[in-house]
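# Remarks on the overall topology
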Amino acid sequence: MSLIRCDKLCKSFAGTPVLKDVDLCVQGGEIVVLTGRSGSGKSTLLRCLNALDVPDSGTLEIAGHKLGRGQRSRQALRRETGMVFQQFKLFPQMTARDNVMLGPRKVLGLSRKESQAVADRLLRRVGLETESGKLPAELSGGQQQRVAIARALAVNPRIMLFDEPTSALDPELRGEVLRVMQDLAEDGMTMLVVTHELRFAEKVGTRLLFLDQGRILHDGEPSRLLREPPSERLRSFIGSIYSD
Amino acid sequence: MDFRWQVVWDAIPQMVEGAQLTAWITLLGIGGGLLIGTICGLILAFRLPLMHWLVFVYVSVIRGTPIVVQAMFIYFALPLALDITLSGFAAASLCLALNAGAYISEIARGSVLSVDPGLTDAGLALGLSYPQVLLHVVGPLALRRSIPPLGNQFIISLKDSALFLVIGVAELAQKGEQLTAQTGRALEIWTAVAVFYLLMTFSLAMLMRLLERRLTIL
C-alpha cells in the first residue's frame, strides 16, 4: 500500500494556479526529493500533504486517511506526518526539551514523565542532549533545526516532510542538519524533502521530482536525472544551482 | 502662598476611604474588562462569523462615546429604559468594565495577530487542534506582548474612575470635592488627591513592570 496517494491535486492562491493536476504516489521507505525554481509549487505541494494548505480539488490519502472537509480529517493527516520548516518555527517561549515534549503531551496524551523520556531520547538522537534546557534564541540555526526535527519526530509520524530545511542556514551549519536527515533516511523513514541541495538528492534520495509551473515535469532516479537531464528546463536549473 | 499641612493630615482618613473605593472600582473594572476584552479580542482576531460584527458594534459604540456619557447612561437612563436600577458602585464598576473591555479587545486582537502564523502552522503540523495551538502556543506569546499596552489601559481605567463623581460614587475624586467644600482649602485637598492618584498609578505601573520581567517578551 502506498503511504501517500494524491490524484489531480489543484491549488490556486488568489486566482493564480500554483498546483495543476498533480498526481503522486509514494511508497513506504522512499526518500523523495522535490526541487524546482521558486514558485514552481514544491512547497505548496508539501503543505497540501498535511493540509496546512487545503487543495481546491483532487483527492489525497495519507497512510489510509482520506482528506475530507472539516478539521478532524486534517488532524488525522497531520498525525501521520511530521513537518520541518525553513525558518525552524520553534516555540520561542519553550526550552528545546519543552518544544519536543509538547507533541507527546498534548497530541499523544503521554504523561509528563513519558514525554520527557521521548524528548530526551530524540534530543540525544539529534546530538543535542546537552542543550535541552536552552531556549531557541540561545541555540544556533543548525541546532534549532535539529530540535525542530526532534519535535516533529516526537509524535511518531510515518512520513517526514522537510520544507527547505537548510535554506536559512550558513553552509557550515547545513552539514549537521543534512547528517541528521541522512541518519533518518538510513533508519527507513519515508521522507519528502523540498531542497536545492542536489548533492543530498543524489546521495540520499531514492527519487527526484522536478516541479515546473505547478506540474511534476520529471520523476525519476536522482543520479540519472541529474547526470543526463532530459529537458532544457532541468538542465538550466541544475546549471543555475552549481553556478553559485 | 499659605499651605496648611494640618488640613491635609485631617483629610487623610477620608481620602484613604475614597482611595479604597477607587481601588475596588478599578479592580472590578479591569477584571471585567480583561474578561470581556479577551473574549471579544479572540472573536475579532479569528473573525468568527456574525459575532465579530456584534463585537465591532460594541467596540465602536464604547470608543465613540465619552465615558462620562456612558456612566450617565448606565446610572440614569438604564432605570428608565429597562427598569434596571444599579447602585452607584455597581454602575461605576460595570461602566469601567465595559469601557476597558472595548479597548482591551483591540489590545488582545493585535497581540494575537502579531504572533507569527508560522508558529500556528508548526503547532497544527504536530497534530494539535486549533484550540490547543491557541492555548499552548499563540496565547502565551500574545499574553506577553499585551502586557505593555495593558499596563497603559489599567492606568487609564484607574484615572477614568475619577469621573464617577458625576454619579455620586464616593471615590477619591468625589471625596476631594466634598473635602474642599467642607474645608474651603482647594490647594491642600487637590494636591493631596493628586498625590494619592500618583501613588496608585505608580504602584500599578511597577506591578506591570514586575510581570513583564517575569514573562520575557518574545
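Heads up: the structure comes first, above all this text.
In this report, we go over the structure that sits alongside the text. Every value quoted in this text rests on a predicted model; they were computed, and no experiment measured them.

## A look at the overall build of chain A
Helix and strand content of chain A: 9 helices and 10 strands. Relative to the 2.2 N^0.38 estimate, which gives 18 Å for 244 residues, the radius of gyration of chain A is 18 Å and therefore close to what a compact globule would have. With respect to the principal axes defined by its C-alpha atoms, chain A has extents near 55 × 45 × 35 Å. Within chain A, the fraction of its 244 residues that count as buried is 56%. The contacts in chain A between residues at least 6 apart in sequence include a share of 65% that link residues at least 24 apart. Total accessible area on chain A is roughly 10,700 Å²; 45% of this is exposed by carbon and sulfur atoms. Between the averaged position of the 36 positive side-chain charges in chain A and that of its 30 negative side-chain charges there is a distance of 6 Å.

## Looking at the nonpolar core
Ranked by internal contacts, the top residues of the largest apolar core, which has 47 residues, are A:Ile4, A:Leu34, A:Leu45, A:Ile62, A:Phe91 and A:Leu192. Ignoring anything within four residues of it in the chain, the contact list for A:Ile62 reads A:Leu3, A:Ile4, A:Leu49, A:Leu77, A:Glu80, A:Thr81 and A:Ile159.

## Observations concerning the sheet that holds strand β7 (residues 159-163) of chain A
Whenever strands of a sheet pair, they do so through backbone hydrogen bonds, lying parallel or antiparallel. Residues and elements named next belong to chain A. On the basis of which strands lie adjacent, the open sheet formed by 6 strands has the order β6-β7-β8-β3-β9-β10 and mixed pairing. Every interior strand has two partners, whereas the edge strands, β6 (81-84) and β10 (215-220), have only one. Across the sheet, the mean angle separating the axes of adjacent strands is 20° when strand polarity is ignored. Bridging between strand β9 (residues 207-212) and β10 involves 5 bridges; their strand directions are antiparallel. Opposite Phe210, over in β10, you have His218 as the bridge partner.

## As for the packing of aromatic side chains
Two aromatic rings are characterised by how far apart their centres lie and by the angle between their planes. Residue and element names in this part refer to chain B. With the rule as written, the count across this model stands at 5 aromatic pairs over all chains. Each ring, one from Trp53 and one from Phe56, has its centre 5.9 Å from the other, and the planes form 85°; the classification is edge-to-face. Here Trp53 pairs with Phe56, and both are found in helix α2 (residues 51-64), just 3 residues apart, close to one helical turn. Look at Trp53 and you get exposed, because its relative accessible area is 52%.

## Section: a nonpolar patch on the surface
On the surface, B:Val68, B:Val69, B:Met72, B:Phe76 and B:Val166 cluster together into a nonpolar patch covering about 380 Å² of accessible area. Relative to the elements of secondary structure, B:Val68 occurs in helix α3 (residues 67-82).

## Looking at the interface of chain A and chain B
Across the boundary between the two partners, chain A contributes 23 residues, which contact 20 residues of chain B. Summed over both partners, the interface of chain A with chain B buries about 1,800 Å², with 67% contributed by carbon and sulfur atoms. Across the contact surface, chain A and chain B share 2 salt bridges. Ionic pairing is found between A:Lys89 and B:Asp116, a salt bridge with its closest N-O pair at 2.6 Å. Across the contact surface, chain A and chain B share 6 residue pairs in polar contact (both at pLDDT 80 or more). Of all the elements in the fold, those that place two or more residues in the side of chain A that touches chain B are α2 (70-80), β6, α3 (96-107) and α5 (141-153) of chain A. The residue inventory of the side of chain A that touches chain B, partitioned by class, reads 11 nonpolar, 6 polar and 6 charged.

How each quantity is defined
Residues numbered from 1 in each chain as written. Chains lettered and ligands numbered in written order. Predicted model: local features only at pLDDT ≥ 70, side-chain atom pairs only at ≥ 80, totals over all residues. Heavy atoms only, no water. Helix = DSSP H or I, 4+ residues; strand = E, 2+ residues; numbered from the N terminus. Rg over C-alpha atoms; globule rule 2.2 N^0.38 Å. Buried < 20%, exposed > 50% of the residue type's maximum accessible area, 1.4 Å probe, protein only. Contact = heavy atoms within 4.5 Å. Areas by Shrake-Rupley, 256 points an atom, 1.4 Å probe, with all protein chains shown as cover. Lys, Arg positive; Asp, Glu negative; His and termini not counted. Charge placed at Lys NZ, Arg CZ, Asp CG, Glu CD. Core = buried A, V, L, I, M, F, W, Y, C linked by side-chain atoms within 4.5 Å. Pairing = 2+ DSSP bridges. Axes fitted to C-alpha atoms, helices over the stretch in contact; angles between N-to-C directions. Phe/Tyr/Trp six-rings, centres within 6.5 Å; stacked < 30°, edge-to-face > 60°. Patch = residues over 30% accessible without salt bridge, like charges linked within 9 Å, V, L, I, M, F, W, Y side chains within 5 Å. Salt bridge = Lys/Arg side-chain N within 4 Å of Asp/Glu carboxyl O. Buried area = accessible area lost by both parts, 1.4 Å probe. Polar contact = N/O pair within 3.5 Å; in protein donor to acceptor, adjacent residues only side chain to side chain. Nonpolar A, V, L, I, M, F, W, Y, C, P; charged D, E, K, R; others polar.

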